[in-house]
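Below, each chain spelled out in residue letters.
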Amino acid sequence: MSTPESPQAAAAAKVRDETAASKAVAAEGNGTPLGPTGRPKREIPDPPALAEHGPARVLAMCNQKGGVGKTTSTINLGASLAEYGRKVLLVDFDPQGALSVGLGVQPHELEQTVYNAIMERSLDTRELVHSTVIDGMDLLPSNIDLSAAEVQLVAEVGREHTLMRVLRPVVADYDFVLVDCQPSLGLLTVNALTASHGVIIPLECEFFSLRGVALLMDTIEKVKERLNPDLDITGILATMFDPRTLHSKEVMARVVEAFGDTVFDTVINRTVRFAETTVAGEPITKWSPKSNGAQAYRQLAREVIRR
């Protein structure tokens, strides 16, 4: 036997339904269908070609919660930006080296990585950059050695600016530098935020993912106030969205309500295709170029270029 709904719950549900219905009617009246964010879909045209490259806009892909799609988004956004004629450098700034693995590089076989650039000032970062299977997209790889950097940098003067120093020689060669951060808010992540112009926050459409966003926002504000006044939140990217479940839709509604236009229109749906691309060591734009996932990351690239 079902429990009767309380008057307060029934009233709240009615308000939600009426609000959703009014939005749908308004969108239909304008001839614009609603997207998964609950807002009218906005078509963004392909960006114009560039006459020259650089200096790069540095973006940190950051969320202290693991498994939210940071690495997948870094690879596929980078590949999509390269498709639009942008020169892109991906920086693997996670000791697990997942970004490197996702592009077919075996971290344990590398003699020199971003760790060496951090610890050896005489090294030129350009000598450590690897080409990838995508034209116009390069990789600065990482491996488990990077885990030692947090301990070794503690006593360094200006330790939060180390990655900025490492990237300085290559910024002029690229249009975008995407830094794949580790799932923590430690010194490496603070370095990435200090070196960046913007932050993209991949956010899994699950309730527990929402709980950590406030802590991340607080860290970003502290870095902006104390270390990098130019740092801004480029956007929040909803990932692992399942349009069949009410839970995903409720989380999406709460994210849009809390962060408004900071949330990208692009939403990345949950699919097994992304796991396949990791095994293949290729972005989804190359592995399955006509898939919904590939189209979504191309749309995200257009949004990022426009912002």
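Remember, it's a predicted structure, so these values are computed and weren't measured experimentally. (Residues numbered from 1 in each chain as written. Predicted model: local features only at pLDDT ≥ 70, side-chain atom pairs only at ≥ 80, totals over all residues. Heavy atoms only, no water.)

*Asks:* What exactly am I supposed to notice about the packing of helix 7 (residues 187-195) against helix 8 (residues 207-226) here?
*Replies:* The axes of two packed helices give the description: the angle between them and the distance between them. It is the contact of helix 7 with helix 8, at a shortest axis distance of 10 Å, that shows an interaxial angle of 55°. Judged by the angle between their axes, helix 7 and helix 8 are oblique. When the axes of helix 7 and helix 8 are compared, the crossing they make is right-handed. Counting all contacts with helix 7, which are made through Val190, Leu193 and Thr194, the residues of helix 8 involved are Thr219, Ile220 and Val223. Residue composition of the contact of helix 7 with helix 8, by class: 4 nonpolar, 2 polar and no charged. (Axes fitted to C-alpha atoms, helices over the stretch in contact; angles between N-to-C directions. Helix = DSSP H or I, 4+ residues; strand = E, 2+ residues; numbered from the N terminus. Parallel < 35°, antiparallel > 145°, perpendicular 65-115°, else oblique. Left-handed = near helix turned anticlockwise from the far one by under 90°. Contact = heavy atoms within 4.5 Å. Nonpolar A, V, L, I, M, F, W, Y, C, P; charged D, E, K, R; others polar.)

*Asks:* Any chance you could explain helix 7 here in plain terms?
*Replies:* Each α-helix winds once per 3.6 residues, and so residues spaced three or four apart point in a common direction. Burial within helix 7 is extensive, with 9 of its 9 residues counted as buried. The complete set of buried residues in helix 7 reads Leu187, Leu188, Thr189, Val190, Asn191, Ala192, Leu193, Thr194 and Ala195. (Buried < 20%, exposed > 50% of the residue type's maximum accessible area, 1.4 Å probe, protein only.)

*Asks:* Explain the layout of surface pockets to me, please; I cannot follow it from the model alone.
*Replies:* One number sums up the size of the second largest pocket: a volume of about 540 Å³. As for the second largest pocket, its lining consists of 24 residues, and the residues nearest its centre are Pro36, Lys41, Val267, Ala296 and Gln299. When residues of the lining of the second largest pocket are traced back to their parent elements, those giving at least two are strand 8 (263-269) and helix 12 (292-306). Counting residues per element, the lining of the second largest pocket draws most heavily on helix 12, at 6 residues. Along the lines of polarity and charge, the residues of the lining of the second largest pocket split into 6 nonpolar, 10 polar and 8 charged. (1 Å grid on protein atoms, 1.4 Å probe; cavity = no way out; pocket = protein on both sides within 12 Å on 5 of 7 lines; lining within 4 Å. Points joined across faces, edges and corners; volume = space filled by probe spheres on them.)

*Asks:* Teacher, can you tell me more about the nonpolar core here?
*Replies:* The tendency in soluble globular proteins is for nonpolar side chains to be buried side by side. By size, the foremost hydrophobic cluster in this structure holds 51 residues, and its most contacted members are Phe93, Val177 and Val179. Discounting residues that sit within four places of it in the chain, Val179 has contacts with Val58, Leu59, Ala60, Met61, Val91, Phe93, Leu163 and Ala192. Core analysis: the next-biggest nonpolar cluster, separate from the first, contains 31 residues, Ala82, Phe176, Ala294 and Ala301 among them. (Core = buried A, V, L, I, M, F, W, Y, C linked by side-chain atoms within 4.5 Å.)

*Asks:* Is there a simple way to explain the pattern of salt bridges in this structure?
*Replies:* Side chains that carry opposite charge are capable of pairing whenever their charged atoms lie near each other. All chains considered together, the criterion is met by 10 salt bridges. Here Arg244 makes a salt bridge to Asp242, at a shortest N to O gap of 2.9 Å. With a relative accessible area of 13%, Asp242 lands in the buried category. Counted as one network, the salt bridges with shared partners bring together Arg39, Arg42, Asp261 and Asp265. (Salt bridge = Lys/Arg side-chain N within 4 Å of Asp/Glu carboxyl O.)

*Asks:* Help me understand the environment of Met164 in this model?
*Replies:* Mapped onto the secondary structure, Met164 falls in helix 6 (residues 162-167). For Met164, a relative accessible area of 29% puts it in the partly exposed group. For the pair formed by Met164 and Asn191, sequence separation is 27 residues and the distance between their alpha carbons is 7.5 Å. Look past the residues within four positions of Met164 in its chain and what remains in contact with it is Thr194 and Ala195.

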